[in-house]
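# Understanding the architecture of this molecule
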Amino acid sequence: MFRHLLALTGCIGLALAPTTAQAWEPGDDWKDSHCRTTRDKGRNRVEVCQAIYDGNKVYLGAYWDDGSEVVGPCYTSGPRIEYKGMSKAEALSWVKTYCP
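Let us look at the structure shown here. Every chain is numbered independently, its residues counted from 1 as its sequence is written. With the structure being a predicted model, the display of local features is reserved for residues of pLDDT at least 70 and the display and counting of side-chain atom pairs for 80 or more, all residues being used for whole-chain, interface and lining totals. Excluded from the side-chain calculation are hydrogens and water; included are all heavy atoms of the structure.

### What to know about the layout of surface pockets
Reported here for the largest pocket is a volume of approximately 310 Å³. Points on a 1 Å grid, built from protein atoms alone, make a cavity when a 1.4 Å probe fits but cannot get out and make a pocket when they are open with protein on both sides within 12 Å along at least 5 of 7 lines; residues with an atom within 4 Å of a point are the lining residues. In terms of lining, the largest pocket is formed by 13 residues, of which the most central are Asp40, Lys41, Trp64, Glu90 and Trp94. Note that Gly is not counted as nonpolar here; it falls among the polar residues with everything else outside the nonpolar set of Ala, Val, Leu, Ile, Met, Phe, Trp, Tyr, Cys and Pro and the charged set of Asp, Glu, Lys and Arg. A breakdown of the residues in the lining of the largest pocket according to their chemical character gives 4 nonpolar, 4 polar and 5 charged. Grid points are joined across faces, edges and corners, and a volume is the space filled by probe spheres set on the points.

### A few points about the state of the cysteines
The definition used for a disulfide is geometric: two cysteine sulfur atoms within 2.5 Å. A complete count under the given rule lists 2 disulfides for this structure. Here cysteine 74 connects covalently by a disulfide to cysteine 99, the sulfurs 1.9 Å from one another. Judged by the sign of its S-S torsion, about -70°, the bond between cysteine 74 and cysteine 99 is left-handed. Residue cysteine 74 is located in the loop between strand 4 (69-73) and strand 5 (82-84), and its partner cysteine 99 is located in the segment after helix 2 (88-98); the two are separated by 25 residues in the primary sequence. Like cysteine 74, the residue cysteine 99 is buried in the burial classification. Taken in sequence order, the bonded cysteines of the chain link in the pattern 1-2, 3-4. Secondary structure elements follow DSSP: runs of H or I no shorter than four residues count as helices, runs of E no shorter than two count as strands, and numbering proceeds from the N terminus. Summary of the burial criterion: residues with accessible area below 20% of their type's maximum are buried, those above 50% are exposed, and those between are partly exposed, where the area comes from a 1.4 Å probe applied to protein chains only.

### Considering the packing of aromatic side chains
Between the rings of Phe, Tyr and Trp (Trp by its six-membered ring), a pair exists once the centres lie within 6.5 Å; its type follows the angle of the planes, with under 30 degrees stacked, over 60 edge-to-face, and the other angles tilted. Following the criterion strictly, the structure yields 2 aromatic pairs and no others. Summarising the aromatic geometry, the rings of tryptophan 64 and tryptophan 94 are spaced 4.9 Å apart at their centres and angled 85° between planes, so their arrangement reads as edge-to-face. Taken as a pair, tryptophan 64 in strand 3 (residues 57-64) and tryptophan 94 in helix 2 lie far apart in primary sequence, 30 residues in all. One exposure class covers both tryptophan 64 and tryptophan 94, and it is buried. Pairing tryptophan 94 with tyrosine 98 gives two aromatic rings, centres 5.0 Å apart and planes at 10°, and the pair type is stacked. Of this pair, tryptophan 94 and tyrosine 98 both sit in helix 2, 4 residues apart, roughly one helical turn. We note that tryptophan 94, like tyrosine 98, is buried. Clustering of aromatic rings is evident, with ring pairs tying together Trp64, Trp94 and Tyr98.

### Examining the nonpolar core
Here, nonpolar core means buried Ala, Val, Leu, Ile, Met, Phe, Trp, Tyr and Cys residues that are tied together by side-chain atoms lying within 4.5 Å of each other. Membership of the largest hydrophobic core comes to 14 residues, with the highest contact counts inside it found for Val48, Leu60, Ala62, Trp64, Val70 and Trp94. Elements with a contribution of two residues or more to this core: strand 2 (45-53), strand 3 and helix 2. No other element matches the 4 residues that helix 2 contributes to this core. Among the nonpolar cores identified, the runner-up in size contains 5 residues, and Cys49, Ala51, Tyr53 and Tyr59 belong to it.

In short, shape yes, function no, at least from these values alone.
Shown next as structure tokens:
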């Protein structure tokens with residue numbers, strides 16, 4: 001009986017242990033109305049999203065089916081864009097093309 005109580009106490013402790021929350025980033029909550037589908041130069045499908053966050057700053061997100069992406073602000077004085085699956089030059093090209 002003591003072992004069962006100890007095991008139960010351990011499970012409750014794990015359930016109540018604090019978890020580290022991931023930081024929210026613009027783009028974590030794109031709405032359907034923010035996004036449209038287009039094609040890149042290689043004819044690959046790309047979901048391009050734009051929305052205003054942080055008051056009045058426009059953010060861009062571009063997502064490919066292979067997992068490549070570009071996410072970040074459209075203004076140049078802010079934090080750098082995040083990208084994967086492409087070069088920085090390619091990522092900046094997407095920002096320049098799709099940001100107002």
